[in-house]
Amino acid sequence: MARSKSISLLNKAVADELQAVHQYMYFHFHLDDQGFKPLSQLFKRIAIQEMGHVELLAERVLFLKGDVEMVSAGPVEKILEPEAILVKAMAMEEDGVRTYNEAALECAANADSASKQVFEQLVLDEEGHFDQYDKQRDNIQRFGLSYLALQSFSGPAGGGAEGQAG
Ligand SMILES: [Fe+2]
Ligand SMILES: [Fe+2]
């Protein structure tokens, strides 16, 4: 098994996850400030799940006797408009799905099936995140931005997904 190759793939994923945590918390603050409470809460829930991904990846890096580089892959983009926020978040999730699928294949080629499984778990979770953002964007397109404001009076975004895993 090529440990160093896996460690480098895992650390690259840590960087992407940290960037997602920062970006989603930025969206959380601003959507809350604009009065879009349920969508703001959705971003907070998913940011916490991305933090869980950092932990999963970090545990695997340490198991492989590497160290975790806690550096974000890039700066936060200052997007404030709700639909543009969702478009950005969906692009990040799609990028994650593609990157982690490739990483899973590389880990398999390097005979590191445990790291492969970590990446496969992340692929499933990121597809779930994409789907939740996609549903919100679809509703904005169908009903307009007033959908987000009205939603604030009728419960959480994503049909009460509070505490939902994935
Ligand atoms: Fe993630
Ligand atoms: Fe995600």
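Basis of the calculations
- Residues numbered from 1 in each chain as written.
- Chains lettered and ligands numbered in written order.
- Predicted model: local features only at pLDDT ≥ 70, side-chain atom pairs only at ≥ 80, totals over all residues.
- Heavy atoms only, no water.
- pLDDT = per-residue confidence, 0-100.
- Helix = DSSP H or I, 4+ residues; strand = E, 2+ residues; numbered from the N terminus.
- Contact = heavy atoms within 4.5 Å.
- Donors = N, O, S within 2.8 Å, 3.2 Å for Na, K, Ca; no water.
- Buried < 20%, exposed > 50% of the residue type's maximum accessible area, 1.4 Å probe, protein only.

**Some words on the confidence of the model for the protein chain**
On average, the protein chain scores 92 in pLDDT, and the residues at 70 or more come to 92%. The least confident element of the protein chain, judged by mean pLDDT, is helix α6 (residues 157–160) at 50; the most confident is helix α3 (residues 82–109) at 98. Note on residues 159–166: pLDDT under 50 across the span, and 10 contacts to partners over four residues away in sequence or across chains.

**Digging into the coordination of the iron ion (ligand 2)**
The protein atoms that coordinate the iron ion (ligand 2) are Glu50 (OE), Glu93 (OE), Glu93 (OE), Glu126 (OE) and His129 (ND1), at distances spanning 2.0 to 2.3 Å. In this model, the iron ion (ligand 2) sits 3.9 Å from the iron ion (ligand 1), the two metals being bridged by glutamate 50. Of this pair, glutamate 50 sits in helix α2 (residues 37–63) while histidine 129 sits in helix α4 (residues 113–143); the two residues are 79 residues apart in sequence, bridging distant segments of the chain. A residue is classified by how much of its surface remains accessible, and histidine 129, at 0% relative accessible area, is buried.

**A few points about the coordination of the iron ion (ligand 1)**
Looking at the iron ion (ligand 1), one finds its protein donor set to be Glu17 (OE), Glu17 (OE), Glu50 (OE), His53 (ND1) and Glu126 (OE), positioned 2.0 to 2.3 Å from the metal centre. Here the donor residues of the iron ion (ligand 1) are spaced in sequence according to E-x32-E-x2-H-x72-E.

**Considering the environment of alanine 104**
Here alanine 104 shows up in helix α3. With relative accessibility at 5%, the residue alanine 104 sits in the buried group. Sequence separation between alanine 104 and valine 54 is 50 residues, and the spatial gap between their C-alpha atoms is 16 Å. Setting aside residues up to four positions removed in sequence, alanine 104 forms contacts with Lys116, Phe119 and Glu120.

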